[in-house]
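Single-letter residue listing:
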Amino acid sequence: MREGSFLREKIFLGMSFKEYLKNHATIWNFIALIILALSFFSMAYRLLYGLGPATNLSDTYPWGLWISFDILVGIALAAPGLTVGTAVYLFGMKDYKHFAKPAILSSLLGYIFAVFALMFDLGRYYRVFYVIGWSWGLDSILFLIAWHFFLYIIICLIEWSPSLFEWLGKDRLKEFFSKLGIWATVFGVIIAGGHQSALGGLFLVAPTKVHPLWYSALLPLFFLISAIFAGISMVIIESTISHKVFKEKIMNFKENEFNLKTIGLAKALVAVLFVYLLLKILDLAHYDNWHYLVTLYGYIYLFEIIGFVFIPALILINSIKMGNARHVRIAAFLVAFGVILNRFNVSLIAYNWYIPFSEKYYPTWMEVSLSLGVVTLIVLFYRFIVRRMAILN
Amino acid sequence: MEKDRKDMDRRDFLKKALTVTGLTLIGGKAFAEPSSIYSTGNIANRKNWEKYEKMKASGIKLEDSYAVLVDLTRCIGCRRCEWACNEWNKNPNKPLKDFEESKDQKPSIFDRVRRTHAGEFTVVNRFYQNNTPFYVKKQCMHCLEPACLSACFVNAFSKTEQGAVLYNPSLCIGCRYCMIACPFDIPAYEYYDPITPQITKCTMCFDRVTEGKLPACVEICTADAMNFGKRSEILQLAYERINNNPQRYIHHVYGEHEVGGTSWLYLSSIPFENLGFPKLDKIAIPKISKSFLFTVKVLEIIAAAPLVWGAYYMISKNKKSGGDSSAKTHDDKK
């Protein structure tokens, strides 16, 4: 390979192909490779033999892991762009500028790969563009989501493109998209708010199927608020990991300053968590669902709310007081896990709540491996881009 | 018994999978499922939709839609309606005798509560109360305001003037949201078709009804458990029966008001909750999604104003603070 060629400088980080491969022969990359191999097998199997052989989906459970995890969880956890991006670019919270670019990148990758995963769940994926320009189901909540996904990916691309054009050395394009950035952010708030709540709204049409503890007229609001705290906790998690992994990329990294900002994020996080808790209690009281709390579903509900909303909120309060950024990070992990649990509860466990647990859906290994593969792809793409473009500094 | 069925179906399925794919990569499938879940390539839905399109173009107006009254006190569980439905809609079928026998068999297909599947648009279930069997036919209820229709994001459903809710496979993307939305768990999916899977469901025999015939299941019923007619007349008939024989029926016509009303109506002697019917509000499901969509759109528009103002504010602030032409200019400049 020619010295100074595009491929060598931009793609292989200035190494020759051989050096690059050698450099990447780590145990983690090996694990990633195995996951990807299994995942690609599942994708091919699904495409060749159909959903029936590849998944445990049934007429009773038309939506399984791929919707619950890849879409409902994935999109909630891809909310960093909505939260931090907005705080920085719209409300001018310059202190958090360092968090904004990684946040936008993770939103972009999160959405793109959520839609990628969705292609395997759709029976006739090759018709997906029908919803954009062929036949409109204007009364459908899913229609709103489809359009909002489409628009939001464009918005994330605009927000991210200055980094891309800077990497490619196209200064004028970079300038142009930088100017568009604030408008993308404004519409991003509207669009993201709309579809995050609409994901909860999807289940409004199934009042008899979702357990009363989770079914509520407030479902859309719960999904929106939990996406906001999922977004903030993901920013904390992501920055923690990238500051460990990409230390060399971050010039003049100040541990103290970083910890202080993490605690700043914790303050926002705890506020949102309490709003959510308050509404949850209000919801319980309004529907008079207290008696369900002593059933099996009640325990699952309490496990979710107390274990992954209330307890992290307490940890956060304490760590803000003590100035302990490490505990903030632990709490952020709990909160993110709680959001995963919540989406699984609404869409799988509390869905069809009247059928016995033995008849409930559980994923096949192919469904699991495909989802894991998509997560791996997000991580690999994130790493690929962070190593090449000015995302972290 | 449950286990026997499982083993049988498992063997069946393995054989199928081995021959079809030459692979043995099967996870923990729910093997208790009936073979009708493997059905693919049904043509009834497409045929009916095409007929509907043609009729719509010719523009005939009807005063009232049709309805069917199912009198559960009369149903004897012969399952002939299932046979007739399969026959007419070209679904996988068995000899009529096999259907009629199952009532007295032990073990019997009635031992578990069944639902509709890709190759099975109607099923009869058996419920017991005080050791008395009650047979309940299940098929698409043909809602007046269908949840599946409002759930579909490519508008692949239509409520016809005749009362039937029809599905258009040529638009369907296969998201299966209609299956989530249907309060009666009716739409089924061809999970075993990798390339052109579709939703399948009862068409209320649109192709027969529009030619002056009865739906296949209604026609074959020898127990006179089903009546077909204009919805208003059918409702009248239902109340006549209740009023003439108040000790035989409970005072409830299921489907009159449930989810905004349905084109299939049921009479029973015991509460419908004991017969596998969901307890539903009067509000139509599409009303819920429509009001949600309205709220979201209003909030999005309301939110747009302060956000746009905020953006202008940020831009002008950045201009004043010098140099940076927008809020998004990056640190590396400084």
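The shown structure was predicted, so the numbers you read here are calculated from the model rather than taken from an experiment. (Residues numbered from 1 in each chain as written. Chains lettered and ligands numbered in written order. Predicted model: local features only at pLDDT ≥ 70, side-chain atom pairs only at ≥ 80, totals over all residues. Heavy atoms only, no water.)

### Topic: the overall build of chain B
Helices and strands together make up the secondary structure of chain B, namely 10 helices and 9 strands. Going through the 334 residues of chain B one by one, you find that 53% of them count as buried. Taking all contacts inside chain B whose residues are at least 6 apart in sequence as the whole, residues at least 24 apart take part in 63%. For chain B, the computed accessible surface area is about 15300 Å², with 56% contributed by carbon and sulfur atoms. (Helix = DSSP H or I, 4+ residues; strand = E, 2+ residues; numbered from the N terminus. Buried < 20%, exposed > 50% of the residue type's maximum accessible area, 1.4 Å probe, protein only. Contact = heavy atoms within 4.5 Å. Areas by Shrake-Rupley, 256 points an atom, 1.4 Å probe, with all protein chains shown as cover.)

### A short note on the side chain of B:Glu190
Of note, B:Glu190 is situated in the loop between strand S6 (188-189) and strand S7 (199-200). A:Arg124 provides the closest opposite charge to the buried, salt-bridge-free B:Glu190, at an N-O distance of 7.6 Å. Ignoring any residue separated from it by four or fewer positions in sequence, one finds B:Glu190 in contact with B:Ser39, B:Thr40, B:Gly41, B:Asn42, B:Ala118, B:Thr196, B:Pro197, B:Gln198 and B:Thr200. (Lys, Arg positive; Asp, Glu negative; His and termini not counted. Salt bridge = Lys/Arg side-chain N within 4 Å of Asp/Glu carboxyl O.)

### Focus: helix H9 (residues 141-168) of chain A
Residues and elements named next belong to chain A. Over its 28 residues, H9 runs 39 Å from end to end, which matches the ideal 40 Å to within 8%, given 1.5 Å per residue. At Trp160, H9 shows its maximal kink, close to 45°; a proline, Pro162, follows between one and four residues later. In terms of burial, H9 is largely enclosed, as 21 of its 28 residues are buried. For H9, the capping residue at the N-terminal end is Ser140, with a side-chain oxygen 3.1 Å from the backbone nitrogen of Leu142. Positive phi appears at Gly169, one or two residues downstream of H9, with a value of about 75°. (Expected span 1.5 Å × (residues − 1). Bend = angle between axes of the 7 residues up to and from the residue. Polar contact = N/O pair within 3.5 Å; in protein donor to acceptor, adjacent residues only side chain to side chain.)

### Comments concerning the interface of chain B and chain A
Taken residue by residue, the interface counts 68 residues in chain B and 82 residues in chain A. Surface buried jointly by chain B and chain A totals about 6500 Å² across both partners, of which 61% is contributed by carbon and sulfur atoms. The tally of links between chain B and chain A comes to 26 residue pairs in polar contact (both at pLDDT 80 or more). Elements that contribute at least two residues to the side of chain B that touches chain A include exactly helix H5 (147-151), helix H6 (177-181), S6 and helix H10 (285-320) of chain B. In terms of residues, the side of chain B that touches chain A owes the most to one element, H10(B), which gives 18 residues. Class assignment of the residues belonging to the side of chain B that touches chain A gives a composition of 40 nonpolar, 16 polar and 12 charged. (Buried area = accessible area lost by both parts, 1.4 Å probe. Nonpolar A, V, L, I, M, F, W, Y, C, P; charged D, E, K, R; others polar.)

### Details of unusual backbone geometry
Note: most peptide bonds trans; most residues except glycine with negative phi. Residues and elements named next belong to chain B. Cis geometry is adopted by the peptide bond preceding Pro107, which originates at Lys106 and carries an omega value of -5°. Considering the arrangement of structural elements, one finds Pro107 in the loop between helix H4 (96-101) and strand S2 (123-129). Phi angles above zero are rare outside glycine, and Asn155 is one such case at about 60°. Among the structural elements, Asn155 can be located in the loop between H5 and strand S4 (157-159). What makes Asn155 partly exposed here is its relative accessible area of 36%. The backbone of Cys205 shows a phi angle near 50°, a positive value even though the residue is not glycine.

### Details of helix H14 (residues 325-349) of chain A
With 25 residues, H14(A) extends 34 Å from end C-alpha to end C-alpha; this agrees with the ideal 36 Å at 1.5 Å per step. N-capping of H14(A) is provided by A:Asn324, with a side-chain oxygen placed 3.0 Å from the backbone N of A:Arg326.

### Section: the pairing of S2(B)
Residue and element names in this part refer to chain B. Counting buried positions along S2 yields 5 of 7 residues, so the element is predominantly enclosed. Two elements, S2 and strand S3 (residues 132-138), share 7 bridges in a ladder whose sense is antiparallel. When the bridges of S3 are listed, Asn125 appears paired with Val136. Between the antiparallel neighbours S2 and S3 lie 2 residues, among them Asn130 with a positive phi of about 50°. (Pairing = 2+ DSSP bridges.)

### So, the confidence of the model for chain B
When pLDDT is low, close inspection of the predicted coordinates is not appropriate. Residue and element names in this part refer to chain B. Chain-level pLDDT for chain B is 83 on average; 84% of the residues reach the 70-or-more range. Of all helices and strands in chain B, the one with the weakest mean pLDDT is helix H1 (residues 2-21) (46), whereas strand S9 (residues 264-267) scores best (95). The low-confidence segment residues 13-31 (pLDDT under 50) makes 29 contacts with residues lying over four places distant or belonging to another chain. Confidence drops under a pLDDT of 50 for residues 323-334, and excluding neighbours within four residues, the segment shows 32 contacts in the predicted structure. (pLDDT = per-residue confidence, 0-100.)

### Digging into the packing of helix H6 (residues 80-89) of chain A against helix H11 (residues 219-245) of chain A
All names here are of chain A. Put simply, H6 and H11 touch, their axes get as near as 7 Å, and they point 80° apart. The orientation of H6 with respect to H11, classified from their angle, is roughly perpendicular. Judged by residue contacts, Pro80, Thr83 and Val84 of H6 engage Ile228, Gly231, Ile232, Met234, Val235 and Glu238 from H11. Across the contact of H6 with H11, the residue classes break down as 6 nonpolar, 2 polar and 1 charged. (Axes fitted to C-alpha atoms, helices over the stretch in contact; angles between N-to-C directions. Parallel < 35°, antiparallel > 145°, perpendicular 65-115°, else oblique.)

### Digging into the side chain of A:Ser58
Along the polypeptide, A:Ser58 turns up in the loop between helix H4 (51-54) and helix H5 (65-77). Taking the relative accessible area as the measure of exposure, A:Ser58 reaches 16% and is therefore buried. Beyond its immediate stretch of four places on either side in the chain, A:Ser58 contacts B:Met179 and B:Tyr191.

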